[in-house]
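Each chain is listed here by its residues.
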Amino acid sequence: MHLPEAQPRSSIFYDYRIHPFRRPPELDGGRSAAPVVIVGAGPIGMLTAIELARFGVRSVLLEQELQVSHGSRAIVLTRRSMEILQHAGVAAPFEAKGLQWSSGRSFFRGHQVYSMVMPHDDDDRFLPGLNIQQQYIEEYLVDAVARSSLIDLRWGSKVTAITQDAAAVTLRVDTPEGDYDLVADWVVAADGGRSTIRKLMNLKMEGRSYAGNFVIADIKADIGLPTERLCFFEPDWNPGNNVLVHRQPDGIWRIDFRLPDGESSEDALRPEKLGERIDHVLGMLGRKVPWQLDWATVYSANTLTLPDYLSGRVLFTGDAAHLLPIFGVRGANTGFQDGSNLAWKLALVAKGDAPKALLDSYSLERVQAAREICDEGGKSTRFMTPPTAGYRLMRDAVLSLSLSEEFPKDLLHWRTSRAHTYAHSPLNSFAAEDAAFDGGVGCGDPLRNVRLGADDYLFDHLTGAGFLLLGFAGAAGPGGDLRDALQAAVGAPVRVVRVVIGPQADAADALADIVVADPDGRIARKYAAPDGAAYLVRPDQHVCARWRHLTAAHLAQALTVALGGAAS
Amino acid sequence: MMPKILSTAELEQVYDLFAETIDATPEGMRPLMLTKLALALANLVGDPAKIQAAVAAAARDL
């Protein structure tokens, strides 16, 4: 019998709420009609469920606990994550609660040796980073899940076994009232770094683990510094190691430091030892203020990924699929991109609107992304936690040189998680037409936002679950071939949301589902799009084909490819 | 202040190459290997004034 903790966790800033276990129909001989079961109601599992629901696909979401995340864990959401949350229709509470930021400073021996302002375009709605505790991330997603009639979130439900054949997957689910079998067409493993599904299926990750251990401690303190990334290399009190400081909502500060080699986690988390180090950090910040500890844990850095995220009818996503270094905020932010990539494909396959091959592209694209992140994150990790004497000597040399020289400072760049480009995706087509554009947004890239006015951005208009066809029309509205293509889009095998962008909003008439007025041509310029041009955009906002001059026949071909069909 | 000549990507490659070469050299031989490296690079730079500036930067803030 699975008996999850029924008392709310304790926290000095967050009121945990117990979500009661509800007896599911399976315990009384009934059966769920959901084609998809998602294991793990963390941020990625919930986003995937919400996205599936937008496509009209039901899911059962299994969570072994009765409450949200223990501790603040993932605290930085990138701009791309916020755009994904906006697309899923759930960004508002994140924007209201989170602290947005764009810069960081690094110190060595009391001197500022590096500062960076992350790129921010006036066309972007969100700043590069937004700090928010994982409890709030999960709470807001739980609220969104509760609003959907298509998601059955089952708290206190732990998977203990998994079997599958060509037709279905069967999960054994243990609960406070006994266990039952749950049958699904597809299972999404979103059950985190210690994934039960990954272990039950005996799947091995590839890559490397780094030796150093780091402490994360959240304290409540009146520090009064702005929201930015602060990094201190080798402070006197922690020779050879480094410290990171991030501000969170509710007066909470994240302190993150590497432990001396050989020191155990238990030893590091002893209150008096941890307290002494927190005092040192506050001294270093020049803010020796009173503080209270909320939560602390120990982690180490990994660059590990499963080689394939699709195993029969089981799909892996987020930390269940890969363990990535914390440097560059790559955990939840990579996971959100996984979920966004997976959900539309799984929805179309589950509904029978696309061949199973579409799911292969999920694994292909996201394993490739994880490998790039392992490579990139590995560089940051080798700087932040040098794995050998050679890397430590190089790091020390760069820090020492950076006190008087500029040239090595880019090595202190922390390489933040970015939106991935699926330039080599099998879902892309019309490469020559893509290459014919002079700029704009290339095949495989995520769409780029455009500011249209005060609190008004292009992405605010691009709602709806489906492919997007962005058609660029002149002052007279879409003419000729573009008009034919827009008309043909209605009969496509999947939903294509027709977006007409042009100087005259009212000239677009009944050919468009969404009309975006572009009186100054800002959107057309950002997309390098002449009149008659068009972009075909996947439901996860990545461009899969574009033409300077679209015809209906080309649109049909590109859609076939984008659904995992034959190449054009 | 020395000019930045290598691109960041090139500097990253150099960083990894040096780190791995240090690791591949027996511990007692590392100063010798690094000194040979400095001499070889000085020869390639071929400008005594630049070499002097590099030596000064290297000797600072140890």
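Quick caveat: nothing in here was measured; it's all calculated off a predicted structure. (Residues numbered from 1 in each chain as written. Chains lettered and ligands numbered in written order. Predicted model: local features only at pLDDT ≥ 70, side-chain atom pairs only at ≥ 80, totals over all residues. Heavy atoms only, no water.)

This next bit is on the interface of chain A and chain B. Residue-level contacts link 23 residues of chain A with 20 residues of chain B. Between chain A and chain B the total buried area reaches about 2000 Å² when both faces are included, carbon and sulfur atoms providing 60% of it. For chain A, the biggest contributors to the area lost against chain B are A:Y391, A:M394 and A:F407; these three give 30% of the whole. Along the contact surface separating chain A from chain B lie four salt bridges. A:K379 is the salt-bridge partner of B:E12, the closest N and O atoms lying 3.1 Å from each other. Viewed at the interface, chain B and chain A are joined by 10 residue pairs in polar contact (both at pLDDT 80 or more). (Contact = heavy atoms within 4.5 Å. Buried area = accessible area lost by both parts, 1.4 Å probe. Salt bridge = Lys/Arg side-chain N within 4 Å of Asp/Glu carboxyl O. Polar contact = N/O pair within 3.5 Å; in protein donor to acceptor, adjacent residues only side chain to side chain.)

This part is about the pairing of strand β23 (residues 467-472) of chain A. Residue and element names in this part refer to chain A. Burial analysis of β23 places six of its six residues in the buried class, which makes it a mostly covered element. By the alternation rule, side chains of β23 split into F467, L469 and G471 and L468, L470 and F472, which are all buried. When β23 meets strand β24 (residues 496-502), the two strands line up parallel, connected through six bridges. Each residue of the ladder has a partner; that of L468, found in β24, is V497. You can see the chain leave β23, run along helix α13 (residues 480-489) and come back into β24, and the turn it takes is right-handed. As judged from the four bridges shared by β23 and strand β26 (residues 534-537), these two strands associate in the antiparallel manner. Looking at β26, one finds that L469 is bridged to L536. (Buried < 20%, exposed > 50% of the residue type's maximum accessible area, 1.4 Å probe, protein only. Helix = DSSP H or I, 4+ residues; strand = E, 2+ residues; numbered from the N terminus. Pairing = 2+ DSSP bridges. Right-handed = clockwise from strand over helix to strand, strands pointing away.)

So, on to the domain arrangement of chain A. Residues and elements named next belong to chain A. By domain assignment, chain A separates into domain 1 (25-94 + 129-206 + 305-374) and domain 2 (431-562). Computed from C-alpha coordinates alone, the two centres of domain 1 and domain 2 are separated by 30 Å. Counting residues at the interface gives 14 residues for domain 1 and 15 residues for domain 2. Overall, the association of domain 1 and domain 2 removes approximately 1300 Å² of surface from exposure, summing both partners, and the carbon and sulfur fraction of that is 50%. The largest per-residue losses of area from domain 1 upon contact with domain 2 belong to R80, H87 and W344, which jointly make up 43% of the total buried on that side. (Domains from an automatic or database assignment.)

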